Structure formats: structure tokens, C-alpha cells
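# What the coordinates show
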Amino acid sequence: MEAMDKISDLPTFILHRILSFLPREDAARTSVLSKRWDCVWDSFPIFKFDQNRFIKPKRGSSTPEHVEQVGRWIELVLDNGVRELKLKVSIAWKPYALPGETFHGKSVNGAYSKFYSLQTLKLEKVYITENTIRDIIHNCGNITWFALGSCRGLKGLDISNLDKLERVDVSFENVCELERVNIDAPNLKSFRLESLKPYLPTKLNLTSCHDLKKLTLIRCGITDDILHLHLSRFPLLEFLEICDCHMLRRIRISAQRLRCLHFGGRDKIEMIEIDAPTLSSFRYTAYNISAPLLFLRNVPCLMGIVYMFDQYNVLNSSWFLNLREFLGVPTQRKFFWLNFEANEVSFDLEELGELAIPPVIEVENLKLTYNVMRESIDFASLIDGLLWSCHPKTIYITSDSTFRRKCMKVLGEKLLDRERTTCCDSCHVKCWRHDLKGAKIEIFQRTKREDEPRLVYWDHLSDHALQLLREYDEVRFELAWK
Amino acid sequence: MSSSSTTTTTTRLLMLKASDGVTFEVEEAVATKLGAINNMVEEEGSEDLICLPNVNGKFLGMVLEWCKKHANNNTNSDKGNDEVNKWWDKEFVMDLDQNTLYHLLMAADYLSGTELVDLLTEKVASMIRGKKVEEIRETFKIKSDFLPGQEEEIRKKNSWAFE
């Protein structure tokens, strides 16, 4: 049975899809597998022109002659009715200047040709002028998706008269000169701006895009008033992400169809007021422990707080004290997710002896992940600190990494040993053990890969439960607090 | 189940019937991850039984299992679930043989499960990536049907790919 060739029977467009994931050499080599595959390769509609394939690495980066080829290549594909064009030019010493006439259209018997077939246009790392943008608007009337990545040369991006335009993405990596963005596109559904400076561009106008459903602004000089003006024009808005916009202070969001909301970053927002009756996902990402005041009305979902560590943060007793204060502000915030970098952790209640201790709140769910882990991290302090700073009702850990397996084990042992340990009787500040009523553990295992994880153990925590823990289990700790 | 309550939280169940008569009861939110089913639900409105004469029960089951995982992970939605989804996707495609891959791909394409098609086509691509022609033939049991000399000709035509 196993010896049958089924893959060759797949429809050609699916085989094309498969080839599209491969480096060009790998894809081309499939042409000698069989006649079928030769045909598939011959009709492969994606052409990647990658300079690295043609220039020997010894000679270093592209020479001006190679760069000239790029303009001719673009001309060729445009004349041949390309539907998706993605151009990324990496030259070491200066950005590639897109020839001014690229999208100008050629004069054929007095009439200028237009590029009707072009639907997706993505330009990356090119120097582009406002005239070129005007040519694109004028000659590529069927564009639905327009993306600019790390492009230079534009002070303003003005787009209008593109009736089919649905999506615009603009982002910068090294230099951002863009000062204003004006888009007037009646069918725009999604706009994303990721600037480099938190105060550029200063002018943003999308107010006539009434159908907008998705708006992402990352580092952008938008002010409270401009944001409010925009939000009032987007009755269909479903997805809103605002990060690192330093001009924002006090925000009011009232959006009747909003489903997904994400704030965060190192911004300076003082207050957020939200009225979003259909919200199903709400996340606040913080890089330091000082959150804005939140006023939630009509917000039916839990709020997720994600704490992203900067590298080499040191988590000590006073950090955990701040965390307790940060989480303790009474709002609907309910689940909490810590994402670690390589951190050092220490926690000692004695150090907090003289300080005022804020009340602690319960969170529905605590989740722990990491980017870079230091092997020597003190898991015992980490668990003690976290259980003291917030009272999680559930902690769910999937054991797909050393970090999580260690967390799982240390947490299990600590919970089990809590009555056998003499803890902080002499200390002025009490540890988490004094607030805990009980703990249960649920262990899910799967015998076969395709199985749903099956609950194999559900009871109060015991030595027996800990012995059951296997490498790829999923574990849910359920904690009851006084 | 069918209480007269009008709360919006009640999830609607759909019956999906495969070519071999096997039926699956799934929540609407799960099944509508498949574009084709989403369209049928929107067009036909109240119809709760959907017949899928092109998909065998075994593979429909696997497709739905994938949808269910993704729908569940998305309800608690935040970006952390991307990680969970990725991990789970990896598991899902790990030991699929080519017969299963073929049928799953045909099913996923028929049902317009774009994300699943991407996952599976990428899996097949990973079985080709970096391999020699003979190794690919061995992996998929592909028999060369070229006449003598033809293969050599094609190699020459794409010689840059064989350097």
C-alpha cells in the first residue's frame, strides 16, 4: 500500500503551491522526476528573480550593471500582465532608486498603456518618489493590496482614486521620513502603519475609508483627537492594535463591532476608556510595570495582560512587589502572561519588611513562556514570587520545553510541600502559603499523537500525582485561595 | 439541548455527512473555519445537515480535528495561541504518510480550508527541500517515465539547479 505514488496525482495548482515553498533550485530539480513533474515545473507561474542566485558571492554586493537589470526586469513583468509584484532590492551602499518611468506606462500609438492586471504591489527597500506613487494610482487601477516596506524618499503618501484598494501596509526599519499619510479609498478594509519613530508621521488621514475593519498603528505620531476622529468614522471596525504611540494620553474607544483590541508597548497612555459590547479578545502588553487607568463598560471578555521582559531584567523582591501593585488595580483584567528573556530571579520576603504591601487580586489564568532561558534561573524564587504577587486560579502548563517542565515540577513540589515547610512565621509579610486553601492537579496525557489529550489524573495534589508527570503531558493546576 | 432560551451564547451544531455516510456533529464556529462550509451556512441559512459527497469520513474527521484545535485555541484568543497552534500543527503533520497527505489535501482544498492547505503543502515541500532527485523519487515512490535521453535534456535545460 505504502509504495503507491499519490503525490503526483495532486492537481497541478496544489503542486504549484508546494513548489512555491521551495528554493528555486529545489523546485526546478523536480522537473526531472517524471513527465508529470516536468509539466508542473513548466507551468509554474511564480518567478523569483533573486540576485544571490546569479551573482557569485565572491564578488560581493551587486554592481551597478546588475542594478540596471532590475529596471528592465520590472518592465518585462509589467508588460506581461503580472498580477503580484514584490520587489525587494538589497544594495549595501544606497537604496535602489526605482526608475521614475517604471509605472509611467508606455506610449503606444499615442495612448498610454496601463497595468490592469496588477493586483498586489509590494515594494521593499527602494527609493521611491511621490511622482511614482501618482503613476501607480493613475496606471494600476486594479490594485487591491499595496505595501511599502522600508522605502526611502517619501515625505507624504497620498492615495486616492483606487476604488479596488482593500489593504495598505506601510512599515519602516531603518529610516522613517514619512510625515503624512492621506488615504481616500472607499473599499479599504485594512490599514497597517509601522513607523520607526513614535512621533512620525504626524499627519494621518483615513477618515473617508468608512469600511475599514482592521487598523494597526505601531509607533505613530497620532494624537488623542485624531485617533478619536478616526474611530468615529469606522463603524465596521473589528480589529484595533495600537502600540508605542507616544503622543497618546487619554483614549476613549466606543466601537460596536470591535472583536479584537490590543494596546501596548512603551507608550505613555494614562487612561483608556472602552465601550465594546462584542469584544472577544483584549490584550495589554507592557514592558514596564505601570499600566494606564482602565475604565471598561460593556466589555464582555477577559482582559489579558502580557508582560514582556526586556533582556536581562533582574526580578527581585521589589519587582514582585511592583507586580502585585500593578495587577492589583481593580479592573476586569483577568489573565496574566509573563514572557521571559534570560532573567535573574530572587525573592525574599524579609527584604519587604518595612514596606507597605498592597492587596493581592486573583487572576483567572497564569501563563509562563520564555524567549531565552538561562539554565541557572532560580525556579523556586520565581514560583514563590509569582504566587505571592497574584493569586492565579489556574496555571496551565504544556510541557514542550525545559523551562515549562521545570516550572511544572517546582510548582508541583512547592504546592505539595506547603504544609510540611516551616515558612515565614517570623516574617512580617506573609507568604502565599497562608492564603492558599487547596490545590488540585489535572494531568492530561495522550497515548497516540492524534489523540486528544486525555485526563488521566484529577485529584488533590499528592506525591503520586507528581510521579505521574511525564515529559509531554499537559498539566493544569487549580488553586483555591482564601 | 434545544432549550427555548434565546441567549446568543448557545452554539449552533451542524451535522456534516461524509461520502461514506459517517456523520460528524460539530459546532458552527468550528466548521465555519472551512470556507466552503461557511458559504453553505450563509447561503442555506437554516439547514443543519450538510452533505459532503467528495470527502471520506476518515479524512473529514482529521480535517475537523484540526479545525477544532484551531477554533479552541482562538477563543481564548491572544497571540500566545499562535505558539500553541504552531506546536500543534507540527504534531498534526508529523507522521502523515503520502496517501493520507493526498486525501487530506484534496479534502482541505475542496472544503476551502486555506490555512490547512498551506500547512499540508508546506509539509510536502519540506519532504522535497534540499533532497537529491533520487531521494525524492524514493520518498514518494515516483517512477521516471522519460524516454532515454529525455531526462538528460531537461537536466541540461535547468543546469543551474543541479550545480
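The name given to chain B in an unreviewed UniProt entry is SKP1-like protein, with Trema orientale as the source organism. Listed in UniProt under the heading Sequence similarities (unreviewed entry), the comment for chain B reads: "Belongs to the SKP1 family." The record held by UniProt for chain B lists under Pathway (unreviewed entry) the comment "Protein modification; protein ubiquitination."

Going by an unreviewed UniProt entry, chain A carries the name F-box domain containing protein and comes from Trema orientale.

The next point concerns the overall build of chain A. A tally of regular secondary structure across chain A gives eleven helices and 28 strands. Put simply, of all contacts in chain A between residues at least 6 apart along the chain, 55% involve residues at least 24 apart. Carbon together with sulfur atoms contributes 50% to the accessible area of chain A, which is approximately 23300 Å² in total.

Glancing now at the pattern of salt bridges. Between side chains of opposite charge, a pair can form when the charged atoms approach closely. Residues and elements named next belong to chain A. With the rule as written, the count across this model stands at 24 salt bridges over all chains. The partner of glutamate 124 in a salt bridge is lysine 88, and the shortest N-O contact between them spans 3.8 Å. One end of the pair, glutamate 124, is in strand β5 (residues 120-124); the other, lysine 88, is in strand β1 (residues 84-88), and 36 residues separate them in sequence. Judged by its relative accessible area of 48%, lysine 88 falls in the partly exposed class. Across the pair arginine 180 and aspartate 158 runs a salt bridge, and its minimum N-O distance is 2.8 Å. A residue pair is termed long-range when its members are at least 10 positions apart, and arginine 180 in strand β10 (residues 180-184) and aspartate 158 in strand β8 (residues 156-160) qualify at 22 residues.

Turning next to the UniProt feature "domain: SKP1 component dimerisation" (unreviewed entry) in chain B. Here, the residues flagged by UniProt with the feature "domain: SKP1 component dimerisation" (unreviewed entry) are residues 115-161 of chain B. When the span residues 115-161 of chain B is considered, its composition is 64% helix and 0% strand, and the gap between its end C-alpha atoms is 30 Å.

Before going further, it helps to spend a moment on the packing of helix α6 (residues 114-128) of chain B against helix α7 (residues 133-140) of chain B. Residues and elements named next belong to chain B. As a packed pair, α6 and α7 sit with axes 9 Å apart at the nearest point and diverge in direction by 130°. Viewed along their axes, α6 and α7 adopt a mutual orientation that is oblique. Facing α6, whose interface residues are Val124, Met127 and Ile128, α7 presents Ile136, Thr139 and Phe140. The class makeup of the residues in the contact of α6 with α7 is five nonpolar, one polar and no charged.

So, on to the sheet that holds strand β2 (residues 23-27) of chain B. Residues and elements named next belong to chain B. Read from one edge of the open sheet, three strands run β2-β1-β3, paired in mixed fashion. With one partner strand each, in any of the chains shown, β2 and β3 (49-51) form the two edges of the open sheet. Between one strand and the next, the sheet's axes are offset by a mean angle of 25°, whatever the strand orientation.

Looking now at the interface of chain A and chain B. Contacts between the two partners involve 48 residues from chain A and, on the opposite side, 53 residues from chain B. In total, about 4500 Å² of surface goes out of reach between chain A and chain B, with carbon and sulfur atoms giving 60% of it. For the interface between chain A and chain B, the tally reads one salt bridge. Two residues, Asp118(B) and Arg17(A), come together in a salt bridge whose shortest N-O distance is 2.7 Å. The interface formed by chain A and chain B contains twelve residue pairs in polar contact (both at pLDDT 80 or more). Breaking the side of chain A that touches chain B down by element, the ones donating at least two residues are α1 (12-20), α2 (24-29), α3 (35-42), β18 (281-286), β22 (333-340) and β24 (362-370) of chain A. Here the side of chain A that touches chain B is built from residues that sort into 19 nonpolar, seven polar and 22 charged.

Reading the values: rules and limits
Residues numbered from 1 in each chain as written. Chains lettered and ligands numbered in written order. Predicted model: local features only at pLDDT ≥ 70, side-chain atom pairs only at ≥ 80, totals over all residues. Heavy atoms only, no water. UniProt positions renumbered as here; feature names shortened; annotations may be inferred. Helix = DSSP H or I, 4+ residues; strand = E, 2+ residues; numbered from the N terminus. Contact = heavy atoms within 4.5 Å. Areas by Shrake-Rupley, 256 points an atom, 1.4 Å probe, with all protein chains shown as cover. Salt bridge = Lys/Arg side-chain N within 4 Å of Asp/Glu carboxyl O. Buried < 20%, exposed > 50% of the residue type's maximum accessible area, 1.4 Å probe, protein only. Axes fitted to C-alpha atoms, helices over the stretch in contact; angles between N-to-C directions. Parallel < 35°, antiparallel > 145°, perpendicular 65-115°, else oblique. Nonpolar A, V, L, I, M, F, W, Y, C, P; charged D, E, K, R; others polar. Pairing = 2+ DSSP bridges. Buried area = accessible area lost by both parts, 1.4 Å probe. Polar contact = N/O pair within 3.5 Å; in protein donor to acceptor, adjacent residues only side chain to side chain.

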